[in-house]
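Listed here are the chains, written in short residue letters.
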Amino acid sequence: MDKERVKKLIRELIIEIGEDPTREGLKDTPRRIADAYSEIFAGYDSDSELSVQFSEDSEMVVAKNIQFYSMCEHHMLPFYGTIQIAYIPNGRVFGISKLVRVVEKFSKRLQIQERITKNIADELYSQGVKGVAVIADAEHLCMKMRGVKNDAKVTTSAFRGTFEDKKIKEELLKAIHTK
Ligand code: ZN
């Protein structure tokens, strides 16, 4: 991200909103936004190779309540919430910090919630897990602040795996929903 260019663009935007970009409270705002955006959109620079932390096998691993913050690609307003991941390892288990990094890799972008869950499921499945379920619950500021002005939470989910055995999918779902 070219921060100098972002600063110029934000200054233009401030003028279009009807404000004075030279007044005290706003004069550093373009720089602050440029700095903030480099964090908020850090997912584009993430390598997040999912190296495996330990090799003990386990029947199912469930990681719950991973916080995420993202920006909706339709309005560039935040949506945020929690992600639950359940997967059936294939002789390899990921450390929780790796899962958090995968969540950040795909949430710190211009996104839609449906794609975040799919991206995470795809990434884990490509690492050879037998099956994975990802569920995200989020609140969208674009829904709350404009348009429908509704407080509804949105839930999305994605599954990857060979679920000929429907029981595996059911077990993953149950694991995610059990408190
Ligand atoms: Zn939106």
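All of these numbers come straight from a predicted model, not from anything done at the bench. (Residues numbered from 1 in each chain as written. Predicted model: local features only at pLDDT ≥ 70, side-chain atom pairs only at ≥ 80, totals over all residues. Heavy atoms only, no water.)

### Observations regarding the coordination of the zinc ion
Tetrahedral coordination by four donors puts the ideal angle at the metal at 109.5 degrees, and octahedral coordination by six puts it at 90 or 180 degrees.
Okay, step 1: Note on the zinc ion: its protein donors are Cys72 (SG), His75 (ND1) and Cys142 (SG). The metal-donor distances range over 2.2 to 2.3 Å.
Okay, step 2: In primary-sequence terms, the residues that donate to the zinc ion follow C-x2-H-x66-C. Placement of the pair is His75 in the loop between β1 (61-72) and β2 (78-88) and Cys142 in helix α5 (residues 141-145), with a sequence separation of 67 residues. (Donors = N, O, S within 2.8 Å, 3.2 Å for Na, K, Ca; no water. Helix = DSSP H or I, 4+ residues; strand = E, 2+ residues; numbered from the N terminus.)

### Remarks on the sheet that holds β1
Okay, step 1: Strand order in the open sheet formed by five strands is β3-β1-β2-β4-β5, and the pairing between neighbours is mixed. Strand pairing shows two members of the sheet lacking a second neighbour, β3 (110-111) and β5 (154-161), which therefore form its edges.
Okay, step 2: Contacts from helix α3 (residues 96-107) reach β1, β2 and β3, with the element oriented near 25° to β1.
Okay, step 3: Of the strands in this sheet, β1, β2, β3, β4 (131-140) and β5 touch helix α4 (residues 113-126), which is tilted by about 25° from β5. (Pairing = 2+ DSSP bridges. Contact = heavy atoms within 4.5 Å. Axes fitted to C-alpha atoms, helices over the stretch in contact; angles between N-to-C directions.)

### Structural notes on the confidence of the model for the protein
Okay, step 1: This prediction gives the protein a mean pLDDT of 87; 87% of its residues lie at or above 70.
Okay, step 2: Averaged pLDDT values for the elements of the protein fall to 73 in helix α6 (residues 166-177) and rise to 98 in β3. (pLDDT = per-residue confidence, 0-100.)

### Some remarks on helix α1 (residues 3-17)
Okay, step 1: Compared with an ideal rise of 1.5 Å per residue, which puts 15 residues at 21 Å, α1 spans 21 Å between its outermost C-alpha atoms and is within 8% of the ideal.
Okay, step 2: Contact partners of the buried residues in α1: α2 (29-40).
Okay, step 3: At the N-terminal end of α1, a side-chain oxygen is found 3.2 Å from the backbone nitrogen of Glu4, two or three residues along, and the residue is Asp2.
Okay, step 4: Looking one or two places after α1, you find Gly18, whose phi comes out positive at around 105°. (Expected span 1.5 Å × (residues − 1). Polar contact = N/O pair within 3.5 Å; in protein donor to acceptor, adjacent residues only side chain to side chain.)

### Concerning the packing of α3 against α4
Okay, step 1: One way to put it is that α3 packs onto α4 with a least axis distance of 9 Å and a crossing angle of 135°. The angle between the axes of α3 and α4 places the two elements in the oblique class. For the pair α3 and α4, the sense of crossing is right-handed. Of the residues in α4, those in contact with Leu99, Val102, Val103, Lys105, Phe106 and Ser107 of α3 are Ile116, Asn119, Ile120, Glu123 and Leu124.
Okay, step 2: Partitioned by chemical class, the residues of the contact of α3 with α4 number seven nonpolar, two polar and two charged. (Parallel < 35°, antiparallel > 145°, perpendicular 65-115°, else oblique. Left-handed = near helix turned anticlockwise from the far one by under 90°. Nonpolar A, V, L, I, M, F, W, Y, C, P; charged D, E, K, R; others polar.)

### Some points on the packing of α1 against α2
For any two helices packed against each other, one specifies the inter-axial angle together with the distance between the axes.
Okay, step 1: α2 packs onto α1 with a crossing angle of 125° between their chain directions and a minimal axis gap of 8 Å. The orientation of α1 with respect to α2, classified from their angle, is oblique. At the point where α1 passes α2, the crossing takes the right-handed sense. On the side of α1, the interface is formed by Lys3, Val6, Lys7, Ile10, Arg11 and Ile14, while α2 contributes Thr29, Pro30, Arg31, Ile33, Ala34, Asp35 and Ser38.
Okay, step 2: In the contact of α1 with α2, the residues fall into six nonpolar, two polar and five charged.

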